[in-house]
Amino acid sequence: MDRGRYYREPVETMERDALDELIDERTRYTVKYANDHSPFYRKWFADHRTDPASIRTHEDLLRLPLISGAEIRAHQPPVQEEFSFKSAAWEDIFTIHETSGTSGTPKSFFLTWEDWERFAEKYARIFASQGFVRGDRIVICASYGMNVGANTMTLAARDLNITIVPTGKCTFPLRIIRSYRPTGIVGSVFKLIRLARQMRSEGMDPRDSQVRKLIVGGEAFADESRAYLADLWGCEVFNTYGSTEGSMCGECTARAGLHVPEDLVHMDLYDSHQKKFVPDGECGRIVLTTLLPPGATCGMLLINYDTEDTSVVLSRNRCTCGRTHLRIYTPQREAETCWIRGAPMNRVDVERGVFQKENMAYLTGEYEAFLYPGDDREKTVMRVSMEAGDLATCDRDLIAENFRKAFFAVKPPLRKQHDEGLLELDFRFTPPDGLELAKMRGRPKRLVDRR
């Protein structure tokens, strides 16, 4: 059935007081469920001398310790025999999933069918908020497998009567575009840029396709790369954020931040340096708590889980789309943040400099950046390598100047270091496939600290 701009309008547009009451009710049930069904949390409450019944509101979560990914790994094989975070009987587990394992042993996650229904609802709300309706056809370029994203979006499409083309990757044959005329594509910024380039090389203009919406997920991106992608395809580009832990958030048509489904997942922000939770408007790590409706079951819930991704709460006021659930800034991975003499910089800051509009007349968008020690202990050199379509005609001075202006505009402390000779920017240009990352498999790291 066509549900229009909402998937579950009464909840998505609920007044703040009523929404907070619903969140508190689900917080109480979730904490009780954790104590009753999760071996880890039962011991955790006892070790911290915390009575689960004392957790009455979501504000009470702020006084509980954080849980890290390392703790999940420490409470599963091979470290210990059992999966202590699993919170349902084996016969009730529908699927088992793992994270990528880039930082060690993959974290294991267990989902019941009820979990899948809640995950699917989160993405159904996102799709509806972005204007997808019955009759739309979406190509899913996210991988199907131990990752939950692609399957979750597919289930969400079922609930909205949207047609899915489950390619699993962006390197599909272009007859998919010609024959099925998709109206939307889900993929990363760079996969969608490469797809547009492939289409043009085969005589197809992405702007002339039926694609009217691109949904970008899997990694943070700069507003400048979004603008470039939108220009390539001649359509809207929406941002989403999701994880195996269940944090599906997405932009609506207002594109004024990502809506958090507050009735299904609670989010706080934590400053890991000052060791405190931060108020709205300040940057902090995203800390998640699963929220279960009374009577629900869950394969593996998390309370105060530190995602190590950072964001900012932009607003809790009603959005122009009518939704009341809070909105956050595009999350960034803390693993993609480097520090130079106390000043932070993220991969997205580098990307902003690369994707300046004038630069893209010469660049393909592919880039990588490395930090090296300078000629003395105090100095840092950031080498930024960018792929050019034609080295012979590439205006290197223009690109370098545009990069500096954009980069330092959002990083005043680094501008000061540059002016004092403590930071040097070294620009390199390569032909297509000339970057180091072109030789690597999997998702490349575009900012690497080699000091």
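Residues numbered from 1 in each chain as written. Predicted model: local features only at pLDDT ≥ 70, side-chain atom pairs only at ≥ 80, totals over all residues. Heavy atoms only, no water.

Overview of the pairing of strand E19 (residues 363–373)
Regular strands have side chains that alternate between both faces of the sheet. Just so we agree on the cut-off: Exposure classes here rest on a 1.4 Å probe applied to the protein chains alone. A residue is buried below 20% of its type maximum, exposed above 50%, and partly exposed in between. Strands here mean DSSP runs of E at least two residues long; helices mean DSSP runs of H or I at least four residues long; both are numbered from the N terminus. A pair of strands counts as paired when DSSP detects no fewer than two bridges linking them.
Where burial is concerned, most of E19 is hidden: 9 out of the 11 residues are buried. In this structure, E19 lies alongside strand E20 (residues 380–388), joined through 8 bridges in antiparallel fashion. Bridging from a neighbouring strand, Phe370 pairs with Arg383 of E20. Where E19 folds back onto E20 in an antiparallel hairpin, the turn is made up of 6 residues. Sheet analysis places E19 next to strand E22 (residues 447–449), joined by 3 bridges and oriented parallel. Paired with Leu371 across the two strands is Asp449, which belongs to E22.

Things to note about the environment of Glu387
This is how the line gets drawn: Pairing of N or O atoms within 3.5 Å defines a polar contact, subject to two protein rules: one partner must be a possible hydrogen donor and the other a possible acceptor, and residues neighboring in sequence count only if both atoms are side-chain atoms.
Structurally, Glu387 is set in strand E20. Taking C-alpha positions, Glu387 is 39 Å from Pro261, a pair spaced 126 residues apart along the chain. Side chain to side chain, Glu387 and Thr364 meet in a polar contact 2.8 Å long. Engagement of the side chain of Glu387 in a polar contact is seen with the backbone nitrogen of Asp433, the distance being 2.8 Å.

A short note on the nonpolar core
Spelled out, the test is: By nonpolar core we mean a set of buried residues, namely Ala, Val, Leu, Ile, Met, Phe, Trp, Tyr and Cys, connected to one another through side-chain atoms within 4.5 Å. Any two residues whose heavy atoms approach within 4.5 Å at even a single point are treated as in contact.
The biggest cluster of nonpolar side chains holds 55 residues, and the ones touching the most others in it are Ile185, Leu214, Trp233, Met345, Met382, Met386 and Phe403. Element by element, the count of residues in this core is highest for helix H8 (residues 189–201), at 7 residues. The residues touching Leu214, leaving out its near neighbours within four places in the chain, are Ile185, Leu192, Leu229, Trp233, Cys235, Glu236, Val237 and Phe238.

Some words on the pairing of strand E17 (residues 337–340)
Alternating residues of E17 divide into Cys338 and Ile340, all buried, and Thr337 and Trp339, none buried. In this sheet, strand E18 (residues 343–346) lies alongside E17 in antiparallel orientation, the contact comprising 4 bridges. Its bridge partner being in E18, Ile340 is matched across the sheet by Ala343. Between the end of E17 and the start of E18, which pair antiparallel, lie 2 residues, with Arg341 showing a positive phi angle near 50 degrees.

A few points about the confidence of the model for the chain
This is how it is decided: The pLDDT score gives, residue by residue, the confidence of the prediction method on a 0 to 100 scale.
Mean pLDDT over the chain stands at 93; residues scoring 70 or higher make up 98%. Averaged over each element, pLDDT in the chain is lowest for strand E16 (residues 332–333) (90) and highest for helix H2 (residues 16–37) (98).

Concerning the packing of H2 against helix H3 (residues 39–47)
Stated formally: For helices, the axis comes from a line fit to the C-alpha atoms of the stretch in contact; other axes are also lines fit to C-alpha atoms, and the angle between any two N-to-C directions lies between 0 and 180 degrees. What sets the label is the angle itself: under 35 degrees gives roughly parallel, over 145 gives roughly antiparallel, 65 to 115 gives roughly perpendicular, and the rest give oblique. Basically, the charged four are Asp, Glu, Lys and Arg, the nonpolar ten are Ala, Val, Leu, Ile, Met, Phe, Trp, Tyr, Cys and Pro, and anything else, Gly included, counts as polar.
Packing of H2 against H3 leaves a shortest axis separation of 6 Å and a crossing angle of 105 degrees. It follows from the interaxial angle that H2 and H3 lie roughly perpendicular. Counted together, Val31, Ala34, Asn35, Asp36 and His37 of H2 and Pro39, Tyr41, Arg42 and Phe45 of H3 form the full contact between these two elements. Per-class residue counts for the contact of H2 with H3 are 5 nonpolar, 2 polar and 2 charged.

Digging into helix H6 (residues 149–160)
The α-helix advances 3.6 residues per turn, and as a result positions three or four apart in sequence lie on the same side. Convention followed: One fewer than the residue count of a helix, multiplied by 1.5 Å, yields its expected span.
With 12 residues, H6 ought to run about 16 Å at 1.5 Å a step, and its terminal C-alpha atoms sit 17 Å apart, in line with that. Most of H6 sits inside the fold, with 9 of its 12 residues counted as buried. Considered for burial, the residues of H6 that qualify are Gly149, Ala150, Thr152, Met153, Leu155, Ala156, Ala157, Asp159 and Leu160. Packing partners of the buried residues in H6 comprise helix H5 (113–129), strand E3 (137–140), strand E4 (163–165) and strand E5 (184–187). Two residues or fewer past H6, Asn161 is found with a positive phi of approximately 60 degrees.

Quick word on the packing of aromatic side chains
Keep this limit in mind: Stacked, tilted and edge-to-face are the three classes assigned to paired rings of Phe, Tyr and Trp, where Trp is represented by its six-membered ring and a pair needs centres within 6.5 Å; plane angles under 30 degrees give stacked, over 60 edge-to-face, the rest tilted. Our definition puts a charge over a ring when NZ of Lys or CZ of Arg is within 6 Å of the ring centre and also within 35 degrees of the ring normal.
Within the structure shown, the criterion is met by 22 aromatic pairs. Pairing Tyr29 with Tyr33 gives two aromatic rings, centres 6.2 Å apart and planes at 45 degrees, and the pair type is tilted. You can see Tyr29 and its partner Tyr33 sitting in helix H2, 4 residues apart, about one turn around the helix. When the ring centre of Phe132 is taken as origin, the NZ or CZ atom of Lys213, which lies over that ring, is 5.3 Å away. Of note, Arg446 hangs over the ring of Phe190, and the distance from its end group to the ring centre comes to 3.8 Å.

A look at the pattern of salt bridges
What counts, and what does not: Take a side-chain nitrogen of Lys or Arg and a carboxyl oxygen of Asp or Glu: if they are within 4 Å of each other, that pair is a salt bridge.
Scanning all chains against the criterion turns up 33 salt bridges. Arg285 is the partner of Glu334 in a salt bridge, and the nearest nitrogen-oxygen pair spans 2.3 Å. With Glu334 in the loop between E16 and E17 and Arg285 in strand E12 (residues 284–290), this pair connects stretches of sequence that are 49 residues apart. Close ionic contact of Arg347 with Glu336 constitutes a salt bridge, the shortest N to O distance being 3.1 Å. Placement of Arg347 in helix H10 (residues 347–354) and of Glu336 in the loop between E16 and E17 is noted, with a sequence separation of 11 residues between them. The exposure class of Arg347 is buried, given its relative accessible area of 3%. Exposure remark for Glu336: the relative accessible area of 16% places this residue in the buried category. Overlapping salt bridges, with partners in common, bring together Arg8, Arg26, Glu121, Arg125 and Asp263 in one network.

A closer look at the sheet that holds strand E13 (residues 305–311)
Sheets are built from strands paired through backbone hydrogen bonds, the pairs being either parallel or antiparallel. Within the open sheet, the 5 strands sit side by side as E11-E10-E12-E13-E16. Their pairing is antiparallel. Across the chains shown, the open sheet's two edge strands, defined by having one partner strand only, are strand E11 (276–277) and E16. Bridge count between strand E10 (residues 265–271) and E12: 6 bridges; the pairing is antiparallel. Bridging across to E12, Tyr270 finds its partner in Arg285.

Quick notes on the sheet that holds E22
Strand order in the open sheet formed by 4 strands is E21-E20-E19-E22, with mixed pairing between adjacent strands. Edge positions in the open sheet fall to strand E21 (423–430) and E22, since each of these has one partner strand only. This sheet shows a mean twist of 15 degrees between the axes of neighbouring strands, independent of strand direction. Pairing of E20 with E21, which is carried by 8 bridges, proceeds in the parallel orientation. Among the inter-strand pairings, Val381 is bridged to a residue of E21, identified as Glu424.

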